[in-house]
Amino acid sequence: MSQTTRTTRVAIIGGGIMGVATQFQLVENGWTDTILFEKAELTSGSTWHAAGQIAHAVGSRVAGWINKTSIETYKRVEQETGQSIGWHEVGGFRIATTDDEVDWMKSIMGVGKLLDLPMDLVGPEEVAKGNPFYNVDNIKAAVRTYEDGHIDPSGVTMALAAAARAHGAKIERHNQVLGASRRGDMWLLKTQKGGVLAEHIVIAAGSYANQVGEWFGLKIPSVSCLHHYLVTDTVREFEGRPELPVMRDNSYGGYIRQEQKSGLIGIYEGHVCPTVWEMPEGAPWAVENELFAADYDSIGDFLMVAFDKMPILAELGIKRVVRGAITHTPDGGMLVGPSGAPNVWLSCGSSIGLAWGGGAGKVLADWMVHGETSINTRSLDPRRYGDFASDHYIVERTKDEFMRRHDTPCPGKQFRSLRPVNRHPLYDRLAAKGAVFGEIAGWERPRYFGDVGEVEQIGWGHQSWHENAMREAKATREAAGVIDLCAFAQFEITGKDAGKLLDRLSANRIPRKDGRMSLNHLLTDKGRFETEITIWRIDKDRYFSGSPIARANPDFAWIKSHIQAGEDVQVVNRSADWGMLAMSGPSSRKILSQLTDADLSNAAFPWLSGQEITVADVPCYVLRVSFVGELGWELHAPLNRIPELYDALFDAGTAHRLTDLGSYAFNGLRMEKAYRASGELTTDVGPLDVGLERFVVTRDRDFIGKKALQQRNQEWELFYAELHSDDIDIHGGEPVVQNGQIVGLTTSGGYGYTVGKSLGWLFVKKGTPRSEISIEILNKAYPVTIHDAPMFDADNLRPRAED
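Residues numbered from 1 in each chain as written. Predicted model: local features only at pLDDT ≥ 70, side-chain atom pairs only at ≥ 80, totals over all residues. Heavy atoms only, no water.

Can you help me understand the overall build of the protein chain in this one?
Along the protein chain, the regular secondary structure elements total 17 helices and 38 strands. Taken against the 2.2 N^0.38 rule, which gives 28 Å for 803 residues, the C-alpha radius of gyration of the protein chain at 27 Å falls within 12% of a compact globule. Along the longest, intermediate and shortest principal axes, the C-alpha atoms of the protein chain span 85 × 70 × 50 Å. For the protein chain, with 803 residues in total, the buried portion stands at 60%. Sequence separation of at least 24 residues holds for 73% of the intrachain contacts in the protein chain that already meet a minimum separation of 6. Accessible surface for the protein chain amounts to roughly 30100 Å². Of this, 48% is attributable to carbon and sulfur atoms. A gap of 5 Å separates the mean positions of the 85 positive and 104 negative side-chain charges of the protein chain. (Helix = DSSP H or I, 4+ residues; strand = E, 2+ residues; numbered from the N terminus. Rg over C-alpha atoms; globule rule 2.2 N^0.38 Å. Buried < 20%, exposed > 50% of the residue type's maximum accessible area, 1.4 Å probe, protein only. Contact = heavy atoms within 4.5 Å. Areas by Shrake-Rupley, 256 points an atom, 1.4 Å probe, with all protein chains shown as cover. Lys, Arg positive; Asp, Glu negative; His and termini not counted. Charge placed at Lys NZ, Arg CZ, Asp CG, Glu CD.)

In structure tokens, the structure reads:
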């Protein structure tokens, strides 16, 4: 290797806000040995032309935390460096003109309370006072924020860069990275100025992320979409008065704010998404500071609505149009975290870079340096996309996301493009029976069963499908129900060291007898949740595991990455070619016994065990377990044989009142049994925080995260609550209040259809008294009662039932 090859702990590719903010946060965490490579000038990709808004009025706690952290970071850097960031703390209004939008505004108020963000829910009169030039005729409500605003993109990026340099970090402008290859446990970057060996790589390459990712064997789901904003001639009415707040209004799909003494109007067209540099080709390497010609035909109708909302801008000339490329992802969330390639991290796919940069940089730096973050990272994790995300899917679904980004995000909202992405063999049968599907990781899963072709009603309160889900739930409790869970991660782990590997990964003991199964939590080195899996021991050298489908690739990679040198372990991912049906209910044994010669009695086939048996002439892995708390079995089989199983179950089950079960009813039955799910098992907590001590076995064994788990001070605890409401349920992310103080947040919930109660899980600060607690849903307080035991079958007799 050349003597001129340099080494660094972290090499960052890309000098926009995402890359520079990441470098600054790494330096803040003590990792000063970093080099940032920018092929031209800092900000010369998409950052320089950003409008620069940062909002507090957002729809989720994670988004609010990210934006709040960005503002705090930028202000601190300005004080540290003395370099102006061009921060305009003018506040803003997010406008509601429909009933659904009013509900969304009320939901946003909950986010504000969780994060202590000053905001008020106001009417049109207050909007008129804040912005006397805005047409308030159709306004029903608005969220008024006070400590957000807009920032100078170049100014803040340069301030972050100056702060990073002052602590020893290096930034190399006009040094393009040309390629990468693996060298032992390091990465060798080929740059215009020589080779660089790096322990860690951060891809913050914006519109170039696709091409850069290919060097590391990655497909990065990011698309460059074109966004307009326009700056008007001088507005004489702006002279001699305070700067106006930023206005956000879905009626024209964008925002209006003051830009010095001019008006600035940003538009996201709701009918088209122009894209450039689509994968796999990507952006030309020679492109810098690229802008595109305005398309007034595309934005004309939206622009006319904006002029109607702000009439003083209507007769003015347009002195500048900025139409530049901004990266978006298929679900609208950025890509921050481990990529799947060793020590390659992503900080890209950001459609709101200035708002997200500072917070995203902190998340990534904490993850890299400390192995954990202070917030749940599931929605940011780049590995959330599975093998279903083809180039075509990434582009077309991202276009859909761009066009829908100013739709009201009601609970239950889904994308419609490319559906179904994965038309698995059971889909048509279920559709013909009235299944109304929800998409999960590219698969279709019935949410409920209604009329053929029915379109789901969505919203915060109980919808028309509530009655459908109630019928399904009650039928399952009374007789039996079967749910399509073909969207399920399934792995076979074999070899003489398979058990040793799984035991090393699991906080709980793995099964010690052939045929038995267990619930196991795989933890990080910091003792927090990586994932939850079930493990079935087929024999001493063969194991089968299952987990949620969204975790298929991350869980597979996690298990494989911990195989030690010399160990005899093979891991096969069956998630794409195997399916699963789950049948539960008191009649399930009677139905299944008609289709197999296997003895299904408690003595021969006990609860929490599995067998390889034939069902309706289909070889299956059959596990006696039920996530709804009933006598039940999971039937795992090759995906192409699932229709045979399904038909056979209903042929035998019709006489026993077998019903189809959708995910809404399934969730309600889960809540009745007080079972935890992904909403509770987040990356910022561990098993002791959520009351799963019985699944942690520390005596006479070691496992990943054990030491950290034993040393951690428990900050949170999980309460199981009954919400006193007849028409709305907990969705997750709502504030938990006690004596006027925020003491926690909800994680998930649903209606318990067979107990007639609305139920939910609450994360609260350790030591919180169990009385006088309420949940704020849509800005209204609902009292709750905390329960120690499940609302249904607290003694857990039904899963063990003989008949």
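What should I look at first to understand the sheet that holds strand β32 (residues 658-660) in this one?
Strand order in the open sheet formed by 6 strands is β29-β30-β31-β28-β22-β32, and the pairing between neighbours is mixed. Only two strands of the sheet have a single neighbouring strand rather than two, namely β29 (610-615) and β32. Adjacent strand axes in the sheet meet at a mean angle of 30° when their direction is disregarded. Inspection of the sheet shows strand β30 (residues 618-623) paired to strand β31 (residues 632-638) by 3 bridges, in the antiparallel sense. Bridge pairing in β31 places L623 opposite E634. (Pairing = 2+ DSSP bridges. Axes fitted to C-alpha atoms, helices over the stretch in contact; angles between N-to-C directions.)

How should unusual backbone geometry be read in this particular structure?
For residues that are not glycine, phi is negative in most cases, and the peptide bond is trans in most cases. Residues R419 and P420 are joined by a peptide bond in cis, for which omega reads -10°. Residue D116 is not a glycine yet carries a positive backbone phi of 55°. Its location among the elements puts D116 in the loop between α3 (99-115) and β5 (119-122). Not every positive phi belongs to a glycine, and N739 is a case in point at roughly 55°. Using a relative accessible area of 64% as the deciding quantity, one classes N739 as exposed.

I keep staring at the side chain of S262 and nothing clicks. Help me out?
Positionally, S262 belongs in strand β15 (residues 262-267). By relative accessible area, S262 is classed as buried at 3%. Polar side-chain contacts of S262 include one of 3.0 Å to the side chain of K319. (Polar contact = N/O pair within 3.5 Å; in protein donor to acceptor, adjacent residues only side chain to side chain.)

Sorry if this is basic, but what is going on with the packing of aromatic side chains here?
For any two aromatic rings, the description comes down to two numbers: the centre-to-centre distance and the angle of the planes. In the structure shown here, the tally under the stated rule is 25 aromatic pairs. For the pair W465 and Y664, a centre-to-centre distance of 3.9 Å together with 15° between the ring planes defines the contact as stacked. With a gap of 199 residues between them, W465 in helix α11 (residues 465-478) and Y664 in helix α16 (residues 663-672) connect regions that are remote in the sequence. Through successive ring pairs, a cluster of aromatic residues spans W536, F544, W578 and Y621. The lysine or arginine in question, K413, covers the ring of F415, its NZ or CZ lying 5.6 Å from the ring centre. (Phe/Tyr/Trp six-rings, centres within 6.5 Å; stacked < 30°, edge-to-face > 60°. Lys NZ or Arg CZ within 6 Å of the ring centre and 35° of its normal.)

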